[in-house]
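# Working through the structure, step by step
One letter stands for each residue in the lines below.
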Amino acid sequence: MLVTRFAPSPTGRLHKGHAFSALTAWQAAREAGGRFLLRIEDIDPIRCRPEFEDAILEDLAWLGIDWDGPVRRQSDHLGDYAAAIDDLRARGLLYRCFRTRKDILDAIGDAPHGALEAARPGPHPADEEASLLAQGRPFAWRLSLDRAREVLGEAAWSSLSFVEEGAGPDGETGRIPARPETAGDVVLARKDAAVAYHLACVHDDALQGVTHVIRGQDLFEATHIQVLIQTLMGWPIPTYRHHRLLTGPDGRRYAKRDQSVTLAEMRAAGVTAADLRAELAP
Ligand code: GLU
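This write-up is about the structure you can find in this document. All figures in this text were calculated on a predicted structure; none of them were measured in a lab.

What counts as what
- Residue numbers here run from 1 along each chain, matching the order of that chain's written sequence.
- The model is predicted, so local features are restricted to residues of pLDDT at least 70 and side-chain atom pairs to those at 80 or more, both for listing and for counting; the totals for chains, interfaces and linings are taken over all residues.
- With hydrogens and water excluded, all non-hydrogen atoms of the structure serve as input to the side-chain values.
- A run of H or I in DSSP becomes a helix once it reaches four residues, and a run of E becomes a strand once it reaches two; helices and strands are each numbered from the N terminus.
- Radius of gyration here uses only the C-alpha atoms, and the compact-globule reference equals 2.2 Å multiplied by the residue count raised to the power 0.38.
- A 1.4 Å probe rolled over the protein chains alone gives each residue an accessible area, and that area as a share of the maximum for its type sets the label: buried under 20%, exposed over 50%, partly exposed in between.
- By definition in these notes, contact holds between two residues if any of their heavy atoms fall within 4.5 Å.
- Computed with a 1.4 Å probe, the accessible areas rest on the Shrake-Rupley method; for each residue, only the protein chains presented here act as cover.
- Only four residue types enter the charge count: Lys and Arg as positive, Asp and Glu as negative, with His and the chain ends excluded.
- The location of each charge is read from NZ of Lys, CZ of Arg, CG of Asp or CD of Glu.
- Two rings belonging to Phe, Tyr or Trp (six-membered ring only in the last case) form a pair when the distance between their centres is within 6.5 Å. Interplanar angles under 30 degrees mark stacking, angles over 60 mark edge-to-face geometry, and anything in between is tilted.
- Two strands make a pair as long as DSSP finds a minimum of two bridges between them.
- Salt bridges, as used here, are contacts in which a Lys or Arg side-chain nitrogen is within 4 Å of a carboxyl oxygen on Asp or Glu.

So, about the overall build of the protein chain. From N to C terminus, the protein chain includes 11 helices and 10 strands. Taking 19 Å as the expected radius of gyration for a compact globule of 282 residues, we find that the protein chain reaches 20 Å, a close match to that expectation. Dimensions along the principal axes, computed over C-alpha positions, put the protein chain at roughly 65 × 40 × 40 Å. The buried share of the protein chain, reckoned over its 282 residues, is 47%. Considering only contacts within the protein chain whose residues lie at least 6 apart along the sequence, 79% involve residues at least 24 apart. Working note: accessible area of the protein chain is about 13200 Å², and carbon and sulfur atoms make up 53% of it. When the 34 basic and 41 acidic side-chain charges of the protein chain are each reduced to a single mean position, those positions are 0 Å apart.

Structural data, given as structure tokens:
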């Protein structure tokens, strides 16, 4: 049975792009006689706000989207993610990183754009780490790609892949080799939050039995690193369907900063859910 989900972060009001994503996943589930789950990804204590969660539920109800089973709110399950992080740590797959964004940028120097995102700063020398720890300095836990490769072995590392039933931003479809290197040594537990997006997301996809991840192409790159985490944890790799991103009249994709296109404002301006659903028909 097809099981999919909509997993918004309550960091702002939903806009048309979210509506398109939610409708695409919901419709796929309903057409397949499957299940559609709603998950609130509220692990970022600074950016997430309860009123935005309420607003998400209100906007989805207005759109006519229903979901199966209870809503899963990630902040209620921090212990689950901590256990997964402990497991990875016990296998030597994570290292402490005390560096700031600026430290990493300085170390990269004038490397090409995107180098920060793909950074692999590596563990601190043992004496430096001990001293930073003793000073009580905050640190994140990063996933070591070198160690992951060692743990999996060359054959498994080079056969990491996923099935794309939609398309990536460059039309990638079918079985896609996963390239976790492009994400670098990602942070899985942040200085300011117990867990980072990649880990919480794949943990829940596995726990909730998600068979199909249906989401926007903006998350296509994230899939590469998520497949590695799933493999390291022995979790199933769902099928992916990345959908196109909606663009506004100016040709730019919808984003939270474009407050004029929130669903709430459209509603206030007299747009009906039927109008919007017709416009966004996936
Ligand atoms: N919470 C993520 C976001 O709002 C989406 C995660 C996902 O669909 O995998 O961008």
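Okay, the packing of aromatic side chains next. Under the defined criterion, the tally for this structure stands at 4 aromatic pairs. Their ring planes at 85° and their centres at 5.6 Å tell us that Phe139 and Trp141 sit as a pair that is edge-to-face. Note on Phe162 and Tyr240: the rings are 5.6 Å apart at their centroids and 75° apart in plane angle, and the pair reads as edge-to-face. Of the two residues, Phe162 sits in strand β6 (residues 161–164) while Tyr240 sits in strand β10 (residues 239–243), which places them 78 residues apart along the sequence. Of the two residues, Phe162 and Tyr240, neither departs from the other in class, the shared state being buried. In this structure an aromatic cluster arises from ring pairing among Phe98, Phe139 and Trp141.

Taken together, 3 strands build an open sheet; the order of strands is β1-β2-β3 and the sheet is parallel. At either end of the open sheet lies a strand with only one pairing partner, and these are β1 (3–6) and β3 (72–73). Where β1 lies against strand β2 (residues 35–40), 4 bridges are found, and the strand directions are parallel. Within the sheet, the bridge partner assigned to Thr4 lies in β2 and is Phe36.

This part is about the pattern of salt bridges. With the rule as written, the count across this model stands at 28 salt bridges. Ionic pairing is found between Arg120 and Asp146, a salt bridge with its closest N-O pair at 2.9 Å. Within this pair, whereas Arg120 is found in the loop between α4 (101–108) and α5 (126–134), its partner Asp146 is found in helix α6 (residues 145–152), the two being separated by 26 residues in sequence. A salt bridge links Arg149 to Glu154; its shortest N-O distance comes to 3.0 Å. Taking the relative accessible area as the measure of exposure, Arg149 reaches 34% and is therefore partly exposed. The class of Glu154 is partly exposed, set by a relative accessible area of 49%. Salt bridges sharing partners connect three or more residues here, namely Arg5, Arg39, Glu41, Arg72, Asp80, Asp204 and Asp205.

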